[in-house]
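# Coordinate inspection notes
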Amino acid sequence: MEKIAKFHKVSMQRFEKDWGTAFPGTDAAEIQRIYEALRLPVRATKGSAGYDFFAPAAVSLKPRETIKIPTGIRAEIQEGWVLQLFPRSSLGFTYRLQFNNTVGIIDSDYFESDNEGHIFIKMMNDSTEGKTVQIRKGDGFAQGIFLPFGICEDDDVQKQRDGGFGSTNEKLQDIESAAFFALCDMCTASTHTHCEYK
């Protein structure tokens, strides 16, 4: 089986900032204790495809409630592979626990982003039966699976990531903008005042 990745903890400074943003009012000593107790994701059995992510703190979610959890984890991934994140099967089956973005996508170049590639998990209790999700500190609540991916034959992207979450969308907007202006041979001004694209 091919070994293509390695999990790390983000720095204490990064974790303190992100945890404090997600959970304002948490004192520095408590954040330090949470950080020191972080566990790297692991597979439960030899045949497991998913790496279990463990809850840094206890979580209670009533129906329709949402929470964003800084995991304290970053993933160093070889080029050509992606880490996909899903809820633990048992939580999804029992509580309809769902990720707000459906499936988390962690690109290989996210590791070097300006937030250290810190992996966040935002999830919602979508229970229709009035069930409250109770996750204890240290419980597995998410699973990550490494998958290979291909690219188009005419793909020539050379841009490098220089931001954290959402930064690739900004680059896509830049590419779309460049393609839009390339449609016009008459104008160089961004307003397109002399052509049909204004």
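Let me begin by describing the structure that accompanies this report. (Residues numbered from 1 in each chain as written. Predicted model: local features only at pLDDT ≥ 70, side-chain atom pairs only at ≥ 80, totals over all residues. Heavy atoms only, no water.)

Attention shifts here to the sheet that holds strand β4 (residues 66-70). With antiparallel pairing, the 3 strands of this open sheet are ordered in space as β4-β9-β7. This sheet does not close on itself; its edge strands, each paired only once, are β4 and β7 (97-99). Across this sheet, the average inter-strand angle for adjacent strands is 30 degrees, counted without regard to direction. As paired strands, β7 and strand β9 (residues 120-125) are joined by 3 bridges and run antiparallel to one another. Across the sheet, residue F99 finds its bridge partner in β9, namely M123. Together, β4 and β9 form the strand contacts of helix α1 (residues 12-22), whose direction differs from that of β4 by roughly 170 degrees. (Pairing = 2+ DSSP bridges. Helix = DSSP H or I, 4+ residues; strand = E, 2+ residues; numbered from the N terminus. Axes fitted to C-alpha atoms, helices over the stretch in contact; angles between N-to-C directions. Contact = heavy atoms within 4.5 Å.)

Moving on, we come to the pattern of salt bridges. Considering all chains together, one arrives at 7 salt bridges under this definition. D126 serves as the salt-bridge partner of R64, at 2.1 Å between the closest nitrogen and oxygen. Separated by 62 residues along the polypeptide, R64 in the loop between β3 (59-61) and β4 and D126 in the loop between β9 and β10 (133-135) bring together distant segments of the chain. Judged by relative accessible area, D126 falls into the buried class, the value being 10%. Across the pair D139 and R136 runs a salt bridge whose closest N-O atoms are separated by 3.2 Å. For D139, a relative accessible area of 21% translates into the label partly exposed. Among the residues examined, R136 registers a relative accessible area of 61% and is labelled exposed. (Salt bridge = Lys/Arg side-chain N within 4 Å of Asp/Glu carboxyl O. Buried < 20%, exposed > 50% of the residue type's maximum accessible area, 1.4 Å probe, protein only.)

Here T71 shows up in the loop between β4 and β5 (73-77). Beyond its immediate chain neighbours, meaning those up to four positions away, T71 contacts F15, L38, F53, P56, H118, I119, I121 and F141.

The next point concerns the nonpolar core. F53, L83, L85, M123, I135 and F141 are the most contacted members of the largest nonpolar core, which has 28 residues in total. With residues near it in sequence (within four places) discarded, L85 still touches F53, F99, V103, G104, I106, I119, I121, Q143 and G144. Of all hydrophobic cores here, the second largest spans 8 residues; its members include V10, F15, Y35 and L38. (Core = buried A, V, L, I, M, F, W, Y, C linked by side-chain atoms within 4.5 Å.)

In short, shape yes, function no, at least from these values alone.
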